[in-house]
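Here is what each chain is made of, one letter per residue.
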Amino acid sequence: MNNEITKLTDKKRAMIFLNLVVSGIASSILSTAMTTALPNVVDYFGVSTSVGQWVTSGYSLAMGMIMPLTAFLITKFPTKKLYIVGIGSFIIGLLLSIFAGNFYIMMAGRVIQACGNGVLMSAAQVVILTVYPPDKKGAMMGTYGLATTAAPIIAPTIAGLMIDAFGWKSIFYVVLVIMIMSFIMAWIVFENVLETQNKKFDAVSFVESIFAFGGITLGIGNISDFGIVSTQAGLPLLIGVIVCVLFVVRQCKLERPFLDVRILKGYDYAVSVVSSMVLYLVMMGSSVIMPLYVQSVMGYSAVVSGLVTLPGSLATAVVSPFAGRVYDKMGIKKIFMVGSAALVISNIGMFFIDMGTPLWIAAGLNVIRNISIGSLMMPLLTWGSSSVDSKKVADASSLLTSFRTISGAIGSALFVGIMTTVGANSKAVYGNGALMHGMNVAFFWMAMGAAVLFIISVFGVKSNKRTFGIFKKA
């Protein structure tokens, strides 16, 4: 174990937090900004849209595959060195994408960016949960969530303006400048604030984690395009599930596991993981279907779609730090109950709208839904990670992030599938309103998912007290 842990002053802690926020904003921008640049990238490299979309889906896939490794890296290497390497990797990925002569070098850069972002995201969460006292953890996690949530929301709009004015590569140049500043800042202000452990790298576990998490993420992502009974979706999903079982069995047998899945035996942590997965299932379903509702169902433009969804997305970002403060003062149970109840109401509201319903009503329901999501996202992560031993926080953060990423991918595929399938099968009854009916049914099942969350908040949370197991000693 490494005992060279720096005791932080309030000023030093604030500087490290600022560094985490700056690099978090920069890395989060590129998770969504490239969706706007996709047509330009396709034209620039002369590839098809189906190939070009890997600029975004490949990034998500690489993120899903790297997350299990981050738990090992965080506990194995000194904090400052790891964080600087994470930023450096992101910068290398940016340079590759900027100067890429073909699409495949461009994709290599995107994969390296995703790997760097995975390290930065996991390390940031663990650092915040470790260096701040119990009464400030929720607020600081909420503030970090505000920064990293607002950036991806605003990024597509800003990216569109920049592409029109300066070209698609300007997105990378802006992020590159921010990341270089963050690199210099990290070199100056960062300290080794996390204990390291004498863990050996388990190559078998690492390979299993790639096939498990990568296979499941890829398979689920391909369901909407190819169907579950297909080579593109069914095969990687099947391989992912089988290898995931083998991965879990191996981790339970190892004395020093690559990713300690045994922390799921802790009741509060297990409840937080399940709750976060259900939340992401519903969240990603609604985030994909709302633009489809505005454009495909109602027939409005992409600009109108952005105007309808933007207020709700901004509401998620704004409410995040306030939710953290409420968690610090009141604990998880009350905010969990109120947030999940609001999520049920907002989704049920979408079940009852029809072709004649004004768009502002849907936009209002979307704001309510996003406020509830923002009030639950970071508090659930903070509560769950705080209930495990201090040596297992990195495992807890990585495991929860991996599971909710997979659940989000399931939500996107599942609810879009419900909408399109129900719409196609009900044309004889609903005519031109068939797709609207399909959307109503999809939101009904999202409401059922939200109802599961509410039931968990009432009966699954044993106490309204905050848990600070993060400060327990082994």
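As shown above, the structure is provided for reference.
Residues numbered from 1 in each chain as written. Predicted model: local features only at pLDDT ≥ 70, side-chain atom pairs only at ≥ 80, totals over all residues. Heavy atoms only, no water.

## Observations regarding the overall build of the protein
Argument step 1. Secondary structure summary: the protein contains 16 helices and 0 strands in total.
Argument step 2. For 474 residues, the compact-globule formula gives about 23 Å, and the C-alpha radius of gyration of the protein, at 22 Å, lands near that figure.
Argument step 3. Along the first, second and third principal axes, the C-alpha atoms of the protein reach 70 × 55 × 45 Å.
Argument step 4. Classification of the 474 residues of the protein by burial places 56% in the buried group.
Argument step 5. Long-range pairs, those at least 24 residues apart, make up 83% of the contacts in the protein with a sequence separation of at least 6.
Argument step 6. If you sum the accessible surface of the protein, you get close to 19,700 Å²; carbon and sulfur atoms cover 70% of it.
Argument step 7. One finds the centroid of the 32 positive side-chain charges in the protein at a distance of 5 Å from the centroid of its 17 negative side-chain charges. (Helix = DSSP H or I, 4+ residues; strand = E, 2+ residues; numbered from the N terminus. Rg over C-alpha atoms; globule rule 2.2 N^0.38 Å. Buried < 20%, exposed > 50% of the residue type's maximum accessible area, 1.4 Å probe, protein only. Contact = heavy atoms within 4.5 Å. Areas by Shrake-Rupley, 256 points an atom, 1.4 Å probe, with all protein chains shown as cover. Lys, Arg positive; Asp, Glu negative; His and termini not counted. Charge placed at Lys NZ, Arg CZ, Asp CG, Glu CD.)

## Topic: the packing of helix H10 (residues 267–297) against helix H12 (residues 332–351)
Argument step 1. Viewed as axis vectors pointing N to C, H10 and H12 meet at an angle of 30 degrees, and their least axial separation amounts to 13 Å. Judged by the angle between their axes, H10 and H12 are roughly parallel. For the element pair H10 and H12, the recorded crossing hand is left-handed. Residues Ser275, Leu279, Val282 and Met290 of H10 lie in contact with H12, whose contacting residues are Phe336, Leu343, Asn347 and Met350.
Argument step 2. Looking at the contact of H10 with H12 residue by residue, the class counts come to 6 nonpolar, 2 polar and no charged. (Axes fitted to C-alpha atoms, helices over the stretch in contact; angles between N-to-C directions. Parallel < 35°, antiparallel > 145°, perpendicular 65-115°, else oblique. Left-handed = near helix turned anticlockwise from the far one by under 90°. Nonpolar A, V, L, I, M, F, W, Y, C, P; charged D, E, K, R; others polar.)

## Regarding the side chain of Ser276
Argument step 1. Counting through the fold element by element, Ser276 comes out in helix H10.
Argument step 2. Accessibility expressed as a relative area gives 2% for Ser276, which makes it buried.
Argument step 3. Here Ser272 takes part through its backbone oxygen, which lies 2.8 Å from a polar atom of the side chain of Ser276.
Argument step 4. With residues up to four places along the chain from it excluded, the contact list for Ser276 reads Leu380, Leu400 and Arg404. (Polar contact = N/O pair within 3.5 Å; in protein donor to acceptor, adjacent residues only side chain to side chain.)

## What to know about the side chain of Ser170
Argument step 1. Within the secondary structure, Ser170 is located in helix H7 (residues 170–189).
Argument step 2. In this structure, Ser170 is in contact with Met162 and Ile163, ignoring residues within four places of it in sequence.

## Digging into the environment of Ala139
Argument step 1. Inspection of the secondary structure assignment puts Ala139 in helix H6 (residues 134–166).
Argument step 2. The contact partners of Ala139, leaving out residues within four places of it in the chain, are Pro321, Gly324, Arg325 and Asp328.

## Here's the deal with a nonpolar patch on the surface
Argument step 1. Residues Ile180, Ile184, Trp187 and Ile188 make up a contiguous nonpolar surface patch of roughly 440 Å² in combined accessible area.
Argument step 2. Mapped onto the fold, Ile188 is located in helix H7.
Argument step 3. Note on Ile188: relative accessible area 61%, which makes it exposed. (Patch = residues over 30% accessible without salt bridge, like charges linked within 9 Å, V, L, I, M, F, W, Y side chains within 5 Å. Salt bridge = Lys/Arg side-chain N within 4 Å of Asp/Glu carboxyl O.)

## Looking at the nonpolar core
Argument step 1. Residues Leu20, Val41, Met106, Trp168 and Met179 are the most contacted members of the largest nonpolar core, which totals 89 residues.
Argument step 2. For this core, the element with the most residues is helix H5 (residues 103–131), which contributes 13 residues.
Argument step 3. Ignoring any residue separated from it by four or fewer positions in sequence, one finds Val41 in contact with Met34, Val55, Phe103, Met106 and Trp168. (Core = buried A, V, L, I, M, F, W, Y, C linked by side-chain atoms within 4.5 Å.)

## So, helix H3 (residues 54–76)
Argument step 1. With 23 residues, H3 ought to run about 33 Å at 1.5 Å a step, and its terminal C-alpha atoms sit 32 Å apart, in line with that.
Argument step 2. Maximal helix bending in H3 amounts to about 40 degrees, located at Pro68.
Argument step 3. The buried count for H3 comes to 18 of 23 residues, which makes it a mostly enclosed element. (Expected span 1.5 Å × (residues − 1). Bend = angle between axes of the 7 residues up to and from the residue.)

## Details of the pattern of salt bridges
Argument step 1. According to the stated counting rule, one finds 4 salt bridges in the structure shown.
Argument step 2. Between Arg250 and Asp202 there is a salt bridge whose closest N-O contact spans 3.0 Å. Linking Arg250 in helix H9 (residues 234–253) with Asp202 in the loop between H7 and helix H8 (203–226), this pair joins segments that are 48 residues apart in sequence.
Argument step 3. Using a relative accessible area of 28% as the deciding quantity, one classes Arg250 as partly exposed.
Argument step 4. For the salt bridge of Asp260 with Lys392, the shortest nitrogen-to-oxygen distance reads 3.0 Å. Here Lys392 lies in the loop between helix H13 (359–385) and helix H14 (393–425) and Asp260 lies in the loop between H9 and H10, a separation of 132 residues in the sequence.

## Some details on H10
Argument step 1. Helix length check: H10 (31 residues) gives 43 Å between terminal C-alpha atoms against 45 Å at 1.5 Å per residue, within 8%.
Argument step 2. Residue Gly299 follows H10 closely and has a positive phi angle near 80 degrees.

## Some details on the packing of H10 against H13
In a pair of packed helices, the angle between the axes and the distance between the axes together describe the arrangement.
Argument step 1. One way to put it is that H10 packs onto H13 with a least axis distance of 10 Å and a crossing angle of 155 degrees. Here H10 is positioned roughly antiparallel relative to H13, judged by the angle of their axes. Considering how the two elements wind past one another, H10 and H13 form a crossing that is left-handed. Where H10 approaches H13, its residues Asp268, Tyr269, Val271, Ser272, Ser275, Ser276, Leu279, Tyr280, Met283, Ser286, Met290 and Tyr293 are matched on the opposing element by Leu359, Ala362, Asn366, Arg369, Ile373, Leu376, Met377, Leu380, Trp383, Gly384 and Ser385.
Argument step 2. When the residues that make up the contact of H10 with H13 are grouped by side-chain class, the tally is 14 nonpolar, 7 polar and 2 charged.

## Examining the packing of aromatic side chains
Argument step 1. This structure, assessed with the given rule, holds 19 aromatic pairs.
Argument step 2. Ring centres of Tyr83 and Phe190 lie 4.7 Å apart, and the angle between their planes is 15 degrees; on these two criteria the pair is classed as stacked. On the criterion of sequence distance, the pair formed by Tyr83 in helix H4 (residues 79–98) and Phe190 in the loop between H7 and H8 is long-range, its members being 107 residues apart. Like Phe190, Tyr83 is buried. (Phe/Tyr/Trp six-rings, centres within 6.5 Å; stacked < 30°, edge-to-face > 60°.)

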